[in-house]
Amino acid sequence: MRKLIVVQDAPRPHWVGDGFPVRSMFSPQTHGANLSPFILLDYAPPTEFGPAPKKRGVGVHPHRGFETVTIVYAGEVDHRDSTGNGGHIGPGDVQWMTAASGILHEEFHSAAFTQNGGVMEMVQLWVNLPAKDKMLPPGYQTLLDAEIPPVELENGAGRVRVIAGEYAGAHGPAKTFTPINIWDVRLNAGGKASFALPEGHTLAALVQSGTVLLNGESIARDAQFAVFAREGGAIEIEANTDAKVLILSGAPIEEPVVQYGPFVMNTEAEIHQAIADFNAGKFGDLRAFA
């Protein structure tokens with residue numbers, strides 16, 4: 001069984017814009033290369049929003065050198081970017097944006113959610129790109145709930161939605177640059193399941209709700225994050241209550257990582273170039289798609 005390295009508590013929440021109160025479960029500053037190819041994970045736990053006169057969210061901002069993966073569990077989010085792409089995602093949907101050589105985008109609560117209010121819960125994951133792909137044209141994938149295959153676990157333990165990668169013969173719809181698995185796992189109270197991930201992969205799990213026993217040895221609860229060794233076989237998760245767990249695994253990218261705000265590159269010089277290109281207007285203009 002793969003060694004459980006640590007179960008960590010969520011840090012204190014902070015706001016991203018005025019629409020997303022998040023807990024940054026990891027970042028380059030907290031975990032460095034230990035979680036490669038993953039860069040950052042923001043978890044916005046269930047939060048009640050009342051009706052509002054204008055949309056809450058994050059205004060226009062740039063990215064370069066990586067991908068953002070936004071998973072919505074409750075609420076509705078609208079996206080718009082400088083390539084002309086846009087999307088509306090609700091419960092169960094995923095937005096996968098490849099910033100690559102540079103993009104501007106914005107993320108807001110939908111008009112209907114703004115008008116009616118409700119509960120918002122979501123995750124945003126940053127996935128690094130290899131150096132050879134960082135300057136490719138940007139791209140966008142909308143992965144709707146109906147396109148994400150569910151797999152029932154044995155003995156009625158629960159189910160797995162395969163967002164990226166493969167589980168039990170089901171393949172996720174996300175197109176990735178490096179081998180990645182992203183599994184949205186729901187376990188029923190008393191359910192137990194073993195999950196085999198590729199040897200050598202970074203492996204981590206976010207417990208969003210419920211209480212689970214990991215590898216028969218450590219308990220993890222709401223908004224706790226577990227990191228496992230890269231070698232050593234499968235992991236086991238047993239739910240003491242109904243539980244929601246996000247499992248991430250990926251082949252590490254063995255390259256230097258330099259992050260400065262919304263830019264993730266390999267060298268300081270590339271960061272300086274990203275800033276210069278952004279200031280020169282080379283990331284496009286959202287106003288062209290108003």
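Here, every reference points to the structure presented above.
Notes on the structure follow. (Residues numbered from 1 in each chain as written. Predicted model: local features only at pLDDT ≥ 70, side-chain atom pairs only at ≥ 80, totals over all residues. Heavy atoms only, no water.)

## Overview of the sheet that holds strand β21 (residues 218-220)
Move 1: Spatially, the 4 strands line up as an open sheet ordered β18-β23-β20-β21, and their pairing is antiparallel. Two strands in the sheet have a free side with no partner beyond their single neighbour: β18 (192-195) and β21. Sheet twist, expressed as the average angle between the axes of neighbouring strands with direction ignored, equals 25°.
Move 2: The pairing of strand β20 (residues 212-214) with β21 spans 3 bridges and is classified as antiparallel. Residue pairing for β21: Leu-213 is matched across the bridge by Ile-219. (Pairing = 2+ DSSP bridges. Helix = DSSP H or I, 4+ residues; strand = E, 2+ residues; numbered from the N terminus. Axes fitted to C-alpha atoms, helices over the stretch in contact; angles between N-to-C directions.)

## A few points about the environment of Val-257
Move 1: Here Val-257 shows up in the loop between β24 (243-250) and β25 (258-260).
Move 2: Taking the C-alpha atoms as reference points, Val-257 and Arg-2, 255 residues apart in sequence, are found 26 Å from one another.
Move 3: Non-local contacts of Val-257, meaning those with residues more than four positions away in its chain, are made with Ile-39, Asn-128, Val-264 and Met-265. (Contact = heavy atoms within 4.5 Å.)

## Re the sheet that holds strand β22 (residues 224-228)
Move 1: Strands sit in the order β1-β22-β19-β24-β17-β14-β13 across an open sheet of 7 strands; the sheet is antiparallel. Of all the strands in the sheet, just β1 (4-9) and β13 (150-152) have a single pairing partner and so form its edges. For this sheet the average axis-to-axis angle between neighbouring strands, irrespective of direction, equals 20°.
Move 2: Direction of pairing for β1 relative to β22: antiparallel, over a ladder of 5 bridges. Its bridge partner lying in β22, Val-7 is registered against Ala-226.

## Digging into unusual backbone geometry
Move 1: Cis geometry is found at the peptide bond from Ser-36 to Pro-37, where omega equals 15°.
Move 2: In this fold, Pro-37 is placed in the loop between α1 (28-31) and β4 (38-49).
Move 3: Not every positive phi belongs to a glycine, and Asn-215 is a case in point at roughly 55°.

## Topic: helix α3 (residues 268-279)
Move 1: The end-to-end C-alpha distance of α3 is 17 Å, a good match for the 16 Å that 12 residues give at a rise of 1.5 Å each.
Move 2: Among the residues making up α3, those that are buried are Ile-271, Ala-274 and Asp-277. Angular distribution of buried residues about the axis of α3 spans 125°; they occupy a single face of the element. Of the exposed residues in α3, the ones pointing more than 90 degrees away from its buried face are Glu-268, Ala-269, His-272 and Asn-279.
Move 3: Along its buried surface, α3 packs onto β25 and β26 (263-265).
Move 4: After α3 finishes, the residue Gly-281 shows a positive phi value of roughly 80°. (Expected span 1.5 Å × (residues − 1). Buried < 20%, exposed > 50% of the residue type's maximum accessible area, 1.4 Å probe, protein only. Arc of directions from axis to C-beta.)

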